[in-house]
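Structure assessment
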Amino acid sequence: MSSFDTKIAVLLRDDLASWQRLNVTAFLVSGIAHVTPELMGAPYEDADGTQYLPMFGQPVLVFSGTADVLTAAHARALGRGLRFSIFTDELFHTGNDADNRAAVRAVPGEKLALAGMAVHGPKNAVDKILKGAALHG
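A brief structural summary. Only a predicted model underlies this, so the values are computations on that prediction, with no experimental measurement involved. (Residues numbered from 1 in each chain as written. Predicted model: local features only at pLDDT ≥ 70, side-chain atom pairs only at ≥ 80, totals over all residues. Heavy atoms only, no water.)

1. Considering the sheet that holds strand β4 (residues 60–65)
Stated formally: Whether two strands pair depends on DSSP finding at least two bridges between them. Numbered from the N terminus, helices here are DSSP runs of H or I no shorter than four residues, and strands are runs of E no shorter than two.
The strand order β5-β6-β1-β4-β7 describes an open sheet built from five strands, whose pairing is mixed. Edge positions in the open sheet fall to β5 (84–88) and β7 (134–135), since each of these has one partner strand only. Taken together, the two bridges between β4 and β7 define a ladder with antiparallel strand orientation. Considered in β7, the bridge of Ser64 is made with Ala134.

2. Considerations on the packing of aromatic side chains
We count it as follows: Stacked, tilted and edge-to-face are the three classes assigned to paired rings of Phe, Tyr and Trp, where Trp is represented by its six-membered ring and a pair needs centres within 6.5 Å; plane angles under 30 degrees give stacked, over 60 edge-to-face, the rest tilted. Burial status follows relative accessibility: with a 1.4 Å probe on protein chains alone, a residue under 20% of its type maximum counts as buried, one over 50% as exposed, and anything between as partly exposed.
According to the stated counting rule, one finds three aromatic pairs in the structure shown. On the numbers, 5.6 Å between centres and 70° between planes, the contact of Trp19 with Phe92 is edge-to-face. Placement of Trp19 in helix α1 (residues 18–35) and of Phe92 in the loop between β5 and α3 (97–105) is noted, with a sequence separation of 73 residues between them. We classify Trp19 as exposed; its relative accessible area is 53%. Residue class for Phe92 comes out buried when judged on its relative accessible area of 18%. Summarising the aromatic geometry, the rings of Phe27 and Phe87 are spaced 5.9 Å apart at their centres and angled 50° between planes, so their arrangement reads as tilted.

3. Details of helix α2 (residues 67–80)
Our working definition: By definition here, a helix of n residues has an expected span of 1.5 Å times n minus one. It is the directions from the helix axis to the C-beta atoms that the arc portrays. By the convention used here, residues are in contact when the closest approach between their heavy atoms is within 4.5 Å.
Helix length check: α2, at 14 residues, gives a terminal C-alpha distance of 20 Å against a target of 20 Å (1.5 Å per residue), a fit within 8%. For α2, the complete set of buried residues consists of Val69, Leu70, Ala73, His74 and Ala77. Take α2 and look down its axis: the buried residues cluster within an arc of 140°, on one side only. With respect to the buried face of α2, the exposed residues turned more than 90 degrees away are Asp68, Leu78 and Gly79. Among the structural elements, β1 (6–13), β4, β5, β6 (114–122) and α4 (123–129) are those in contact with the buried residues of α2.

4. Re the environment of Ile32
Of note, Ile32 is situated in helix α1. By relative accessible area, which is 3% here, Ile32 ends up buried. For Ile32 and Phe84, which are 52 residues apart along the polypeptide, the C-alpha to C-alpha distance reads 7.2 Å. Setting aside chain neighbours within four positions, we find Ile32 in contact with Ile8, Leu39, Phe56, Ala118, Val119 and His120.

5. Points about the environment of Ile129
Here Ile129 shows up in helix α4. C-alpha separation for the pair Ile129 and Asn100, spaced 29 residues apart in sequence, amounts to 25 Å. Sequence-distant contacts of Ile129, defined by excluding residues within four places in its chain, comprise Ala73, Arg76, Ala77, Arg80, Leu82, Met117 and Val119.

6. So, the pairing of β5
Of all five residues in β5, four are buried; the element is thus mostly enclosed. The pairing of β5 with β6 spans five bridges and is antiparallel. Bridge pairing in β6 links Ser85 to Ala118.

What follows is the structure, given as structure tokens:
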């Protein structure tokens, strides 16, 4: 049983290519790390004294679901007032952060073509948001 009161979860659309799943996951969790720095553990160091960057101090669970599951999860996260990161299909075709922001800004929330989202919050709230998703496997 986990000793954490919160959960970090990534939800990916189930039709993404392998490279897209990895890319989307990396981008999404960066948003969680930015807004919740207290989730970061201490820096790592090997036996030779080489130092490495810190990582999350708790697991990140990765789920997958259909486009409809993502749309519903998006709506539930909004309804619960949790902050979360999103990645839309349009971001696969942009080449920089400014274009990424413009691509998202151009589409109303209910019409976003979600490739993935990441959320952090109380376990029970995150579980309810992810209803219908399965652990990525």
